[in-house]
2 protein chains.
Amino acid sequence: MNFRAEIDVMPLKELLDPQGKAVEHGLQKLNFKEVADVRIGKHITIKLTADSKEAATAKVEEACKKLLANPIMEGYKFELVAE
Amino acid sequence: MNFRAEIDVMPLKELLDPQGKAVEHGLQKLNFKEVADVRIGKHITIKLTADSKEAATAKVEEACKKLLANPIMEGYKFELVAE
């Protein structure tokens, strides 16, 4: 089976996010006064094949832990879409 | 009303994504042979207030066009979640 994983890797809530802060100020300068709490992370899409949705979930989980996210600074979540 | 916008800004399909390619090779070296077509973009969350979902959608759309995405190289999509 073919899957597409849609992964979000975001800086942990407890940590400052300077890139997000910079964009927040940028938006406010552009007159978006009603925005707050901008945070910026990565969005990763991966296509993969696996025997089942469970196997694909385990694979993506492992890939996040081993390479895609830095657990000290980042959290991740993902969705799998059958293709 | 308070909303949270979950925005994905991704490199356009037509363009090379060197960061995605590097991660794809990295995954394959870590023995994830079944992965392909890795693409990496940004995930942005923004909290905002607006009178209605329509107004919030228009705001986020404008923010994407004016600051968050570079239309020459990137596409965006987003979801609004009421909070």
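Residues numbered from 1 in each chain as written. Chains lettered and ligands numbered in written order. Predicted model: local features only at pLDDT ≥ 70, side-chain atom pairs only at ≥ 80, totals over all residues. Heavy atoms only, no water.

Some remarks on the side chain of Glu6(A)
Tracing the backbone shows Glu6(A) in strand S1 (residues 2–11). Under the relative-accessibility criterion, Glu6(A) is labelled buried at 13%. Side-chain polar atoms of Glu6(A) contact the side chain of Arg4(A), separated by 2.7 Å. The residues contacting Glu6(A), other than those within four sequence positions of it, are His43(A), Ile44(A), Thr45(A), Lys77(A), Phe78(A), Glu79(A) and Lys77(B). (Helix = DSSP H or I, 4+ residues; strand = E, 2+ residues; numbered from the N terminus. Buried < 20%, exposed > 50% of the residue type's maximum accessible area, 1.4 Å probe, protein only. Polar contact = N/O pair within 3.5 Å; in protein donor to acceptor, adjacent residues only side chain to side chain. Contact = heavy atoms within 4.5 Å.)

Describing the pattern of salt bridges
Enumeration over the complete set of coordinates arrives at 16 salt bridges over all chains. The residue Lys42(B) makes a salt bridge to Glu74(B) at a minimum N-O spacing of 4.0 Å. Here Glu74(B) lies in strand S3 (residues 74–82) and Lys42(B) lies in strand S2 (residues 35–49), a separation of 32 residues in the sequence. According to the relative accessible area criterion, Lys42(B) is partly exposed, its value standing at 26%. Put simply, Lys66(B) and Glu62(B) hold a salt bridge, and the shortest N to O gap is 2.9 Å. In this pair, Lys66(B) and Glu62(B) both sit in helix H2 (residues 53–68), four residues apart, roughly one turn of the helix. Beyond isolated ion pairs, a larger network of salt bridges with shared partners links Arg4(A), Glu6(A) and Glu83(A). (Salt bridge = Lys/Arg side-chain N within 4 Å of Asp/Glu carboxyl O.)

Here's the deal with the interface of chain A and chain B
Accessible area lost on assembly of the parts is the figure often given for the size of an interface. At the interface, 31 residues of chain A touch 31 residues of chain B. Carbon and sulfur atoms supply 65% of the area that chain A and chain B bury against each other, a total of about 2,700 Å² over both sides. Contact with chain B buries surface across chain A, with Phe32(A), Glu34(A) and His43(A) losing the most and accounting together for 22% of the total. Between chain A and chain B we count four salt bridges in total. In this structure, Glu34(B) engages Lys59(A) in a salt bridge whose closest nitrogen and oxygen atoms are separated by 3.8 Å. The interface formed by chain A and chain B holds ten residue pairs in polar contact (both at pLDDT 80 or more) in total. (Buried area = accessible area lost by both parts, 1.4 Å probe.)

Take it as geometry only, folks, not as evidence of what the structure does.
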